[in-house]
Amino acid sequence: GQSDDKKSGPDEDLLKQFEQVKKKLTELEEKKNESAGSKRRRGDDDAGNGDQNKRTRGDEGDKKEEEAAEIVPDRDYNVTGDFIVRMRGLPWGSTEEDIKDFFRGLEIKKEGILIEKDPMGRASGAAYVAFESKDSLLRAVDKHKEHIGRRYIEIFESSETVAREVLERMFGKGSLHKSTGRVNKDSYVIRMRGVPFQSTLKEVEEFLNRKAKPEGVHLIYDHQSSRPSGEAFAEFKSSEDMRYALELHREHIGTRYIEVFESSVGDLERALERGQGDRDKLPPSGSGLPCIRMRGLPFSASRRDIDDFFGRSSLRPFRVHFVERGGPEAYVEFSSADEVSRGLRLNREYIGSRYIELFEVPYHELLNVVDGGDQRGGG
């Protein structure tokens, strides 16, 4: 009997070990299946979240694009009430702090200063200031013809209505035209004709991108009918980009072919100024006529060089203002619009070994440059 018990012991042990191994294998298989299922579920969740994230990011991008396209004031203005003055003759580059210093001791409303800018984003030399009391208003008017720097400042009583109209005009509400941004007076400009009336700024940009990336695009509207005119302008950073864009002449937007011509900042500004509404008249100093801007002058250029240059067309400048802007330039005034037109015919003629580029510019551009104090002589 003892021999039978001894023989059966090892068999029972092996059987128990086999059952244990089998159980562990089953548990491992179950864990493996659970792990795979969990990964699949996480993958599905991640995919769903990824799609949602993409949609959210896309929505945010669209929202940002819409916000960027909307032109809004960079802050709140409070030029309101019955005690408002208009300042005229401010030096170019004047700040709110300069105006507060000028009216030191008077009660100016919080956010009550509006420095006026023209449609191109340049200071016009005017500002509106709202005061807390009639006493401050009267004391402000008494400062008429006092100085900021070397400039005397004219002070006039004004109104909330006028200040609001200026604010609306500055931020595009008073303009018929559509633009991607403000004009850079150093840009190279083309004019397009035949643009489909339904075209958007983005569509015109895409048309130009076939050859060169524009820095700015402007769709011009008819100031009488308030409808698209079929005319557009585009600005480029370099003359090379502008020449590439000119290669698009008679290429199509949709079914319409587009005519493309070289233009100027002056032409663009005049087009944008149509439909801007009535403006305050320019200060009475100077001719008030369009001027000629000369670019590419030799560093040694003098007033006599300018006189000799325009003397080729039997013209004598009325006034010359030299300006330092990355190289010498000059603004030249003439006695009549006809003389300006005749002077422009000398575009790309030479002074010494340098050819000179000529641009017609509005008189207020000259005023801004002169007020800025970056002249080096003239007369």
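Now for a look at the structure at hand. (Residues numbered from 1 in each chain as written. Predicted model: local features only at pLDDT ≥ 70, side-chain atom pairs only at ≥ 80, totals over all residues. Heavy atoms only, no water.)

**Focus on the pairing of strand β3 (residues 123-131)**
Part 1: Counting buried positions along β3 gives 8 out of 9 residues, so the element sits mostly inside the fold.
Part 2: Pairing between strand β1 (residues 84-88) and β3: 5 bridges, direction antiparallel. Across the sheet, residue Ile 84 finds its bridge partner in β3, namely Ala 130.
Part 3: As judged from the 5 bridges shared by strand β2 (residues 108-117) and β3, these two strands associate in the antiparallel manner. Residue pairing for β3: Lys 117 is matched across the bridge by Ala 123. (Buried < 20%, exposed > 50% of the residue type's maximum accessible area, 1.4 Å probe, protein only. Helix = DSSP H or I, 4+ residues; strand = E, 2+ residues; numbered from the N terminus. Pairing = 2+ DSSP bridges.)

**Digging into the environment of Phe 156**
Part 1: Relative to the elements of secondary structure, Phe 156 occurs in strand β5 (residues 151-157).
Part 2: Other than its neighbours up to four places away in sequence, Phe 156 contacts Ile 84, Val 85, Arg 86, Arg 88 and His 144. (Contact = heavy atoms within 4.5 Å.)

**Looking at the environment of Leu 114**
Part 1: By secondary structure assignment, the location of Leu 114 is in strand β2.
Part 2: Take Leu 114: its relative accessible area is 1%, and that puts it in the buried class.
Part 3: Put simply, Leu 114 and Glu 96 are 18 residues apart on the chain and 8.3 Å apart in space, counted from C-alpha to C-alpha.

**Section: the sheet that holds β1**
Part 1: One open sheet holds the 5 strands; their spatial order is β2-β3-β1-β5-β4, and the pairing between them is antiparallel. Bordering the open sheet on either side are β2 and β4 (146-148), each of which pairs with just one other strand. Strand after strand, the sheet turns through a mean of 30 degrees between neighbouring axes, direction not considered. (Axes fitted to C-alpha atoms, helices over the stretch in contact; angles between N-to-C directions.)

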